[in-house]
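Summary of the model geometry
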Amino acid sequence: MILTIILKEFHQHLISFRFVVCFILSVILIGVSVYYRSANYSERLKDYNGAVINSRNELEQIEALSFLQPKVHRPPSQGSVFVEGIEGKLDTEVTISHHHIPVEAAGGKAINQFAATSRVFDFSDVVIIVLSLLAFLLSYDVVSGEKERGLLGLSLSNSIPRHQILLGKYLGGLLPLILSIAAGMLVCFLIMLLAPDIQITWDLTLRTFLFMFASVVFLSLMLLLGIIVSSTTRQSFISLIFLLFIWVLFVFIVPRAAQYSALQLKTVTSKRGINEQIAQLKNEMNGKIDEHKKTINPQRLNAAMTGDGKGNLMLTTGFNPPQTVEYCGQHFAYAGPLQIDYAQRFWNVERQHIDDLDKQADFARALSTFSPTSIYKRLSATVTGTDRANHESFLNAARRYRLGIIDYIESQGGFSSDLYFMQYDYNPSVVEIRLSNEFAPIHRKAMAIFRSGQRDGSEEIIQEFVEKLQKLRQYGKDHPNEARKPDISGMPIFRFTPPDFLYDVKRSMAGIGLLIFFNILGFLVAHVAFLKYDVR
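Cut-offs used in this document
- Residues numbered from 1 in each chain as written.
- Predicted model: local features only at pLDDT ≥ 70, side-chain atom pairs only at ≥ 80, totals over all residues.
- Heavy atoms only, no water.
- Core = buried A, V, L, I, M, F, W, Y, C linked by side-chain atoms within 4.5 Å.
- Buried < 20%, exposed > 50% of the residue type's maximum accessible area, 1.4 Å probe, protein only.
- Helix = DSSP H or I, 4+ residues; strand = E, 2+ residues; numbered from the N terminus.
- Contact = heavy atoms within 4.5 Å.
- Salt bridge = Lys/Arg side-chain N within 4 Å of Asp/Glu carboxyl O.
- Axes fitted to C-alpha atoms, helices over the stretch in contact; angles between N-to-C directions.
- Parallel < 35°, antiparallel > 145°, perpendicular 65-115°, else oblique.
- Left-handed = near helix turned anticlockwise from the far one by under 90°.

1. Notes on the nonpolar core
Membership of the largest hydrophobic core comes to 69 residues, with the highest contact counts inside it found for Phe82, Phe123, Val127, Leu177, Cys188 and Phe218. Contributions of two or more residues to this core are made by α2 (17–60), α4 (123–139), α7 (162–194), α8 (202–230), α9 (236–265), α13 (372–384) and α19 (501–531). Ranked by residues supplied to this core, first place goes to α8 with 15 residues. Those residues in contact with Val127 that sit more than four places away from it in its chain are Ser132, Ile181, Ser215, Phe218, Leu219 and Tyr376.

2. Quick notes on the pattern of salt bridges
A full pass over the atoms with the stated rule returns 21 salt bridges. When the shortest N-O distance is used, the salt bridge between Glu9 and Lys169 registers 2.9 Å. In this pair, Glu9 sits in helix α1 (residues 2–14) while Lys169 sits in helix α7, placing the two residues 160 residues apart along the sequence. With relative accessibility at 2%, the residue Glu9 sits in the buried group. One salt bridge connects Glu284 with Arg345, and the closest N-O pair in it is separated by 3.4 Å. Taken together, the positions of Glu284 in helix α10 (residues 271–294) and Arg345 in helix α12 (residues 322–367) put the pair 61 residues apart, joining distant regions of the chain. Each of Asp203, Arg207, Asp387, Asp504 and Arg507 takes part in salt bridges that share partners, so that together they form one network.

3. Observations concerning the packing of α2 against α7
The N-to-C vectors of α2 and α7 enclose an angle of 30°; their axes lie 9 Å apart at closest approach. Overall, the two elements α2 and α7 adopt an arrangement that is roughly parallel. Viewed along their axes, α2 and α7 form a crossing whose handedness is right-handed. Contact residues: α2 offers Phe19, Phe23, Val27, Ile30, Gly31, Val34, Tyr35 and Ser38, while α7 offers Pro176, Leu179, Ser180, Ala183, Gly184, Val187, Cys188 and Ile191.

This is the structure:
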């Protein structure tokens, strides 16, 4: 008898105008969303591959290990085709440096032309907005509507237990929703099969089925809410108005109210205050470095150093005396470890702000638990691997890679090694020629004449300078002082593997369990309400 009720309800819903409209609308929106998100994924994948190649080429051009700051990139997630999550809202590039622990990514975002000018729903948005509304439209008159039409009393007169009627109506209403999800997923797979850059792996397939299951559980809960309201009102019109209010409340009001309340009730350490603390630490660090310079030879050291404007220093090109090389080695042997130590201090300060933001986000999530749509939205991002945890695992991998880069520098002789700060091999013979009494005095006289601009009577000095300079240049040709680039073949390679399916399943169990619990509770409440419903 239950099967008869299920088929009757399913057939009535299937031919209803409200189902047909919502079904067609949902399939179209899902298809449009997946199409553009597939194009967006292809663009981001192309940018990612290009960025990896460019970063490798940049590494091959570095002139000293002090310029060794590799860039690492987070690959796009295929799950973003279904659910955007925060995948497209966060940057994807991290620069690795011994004097800085990565706090957040920067650069590397890519969106297609359509997504740049408009907001495209993802699959979960369609489920939340369109199909949850369909669940209410299918259930608002399932009890009160039949009472108005006089069919409910007729059904109960056949001595069919009320719980069987309720179960039949529930399953008969759930089947059209499952059909809508399945149709949307079929469209997704067809589009993905045609997309050249999307690989349908086992991981993606399992995530897809788990996402479908979570969607069905969510829509089941919304359907049960509709049955409860229909079982507690006398008129279907009142039931519809009340359900529309609940829909607006769950979809729009509660999530935003939770975010606003979290912002007001959970204070976050001021970013300005964080920046001031870091600035103080930087001044303290630079002060120590300057004090240490005074113990070496600050004039010669400052004159010998060059940089790239990003805090990277090395010995200038050309011929430097052994004393300057020694001074630089002493400087970097002190400054390098000190920068590593202060990088940890900077990180500890930044971590305060990050922890406060995490607590604020956790509080907002706790408040939004009153809305099933919020639970489902977070669950969808977790299942598809597009939530914050996936991005955080990339940052953690970048932080571990930084330690590997520091170990690599140490293996190459450390910060005091000339590999760290010298672009050219040191050639003692050339330095001796340059600094010898044969060249240095005439060099000083010639420079004084050039600066004064008065060359009358100084032709012999200039001629002698030119001859000796040519002699120096010829010696350089006979004994080439070739540029020596660091050998980075032994440098560690950055590897990032996104969290696998089983890891995300474990993280999603709480959300799925909560929705299932609400489903059980909802069915029990609907059962009690239906048992007490007066059909007269």
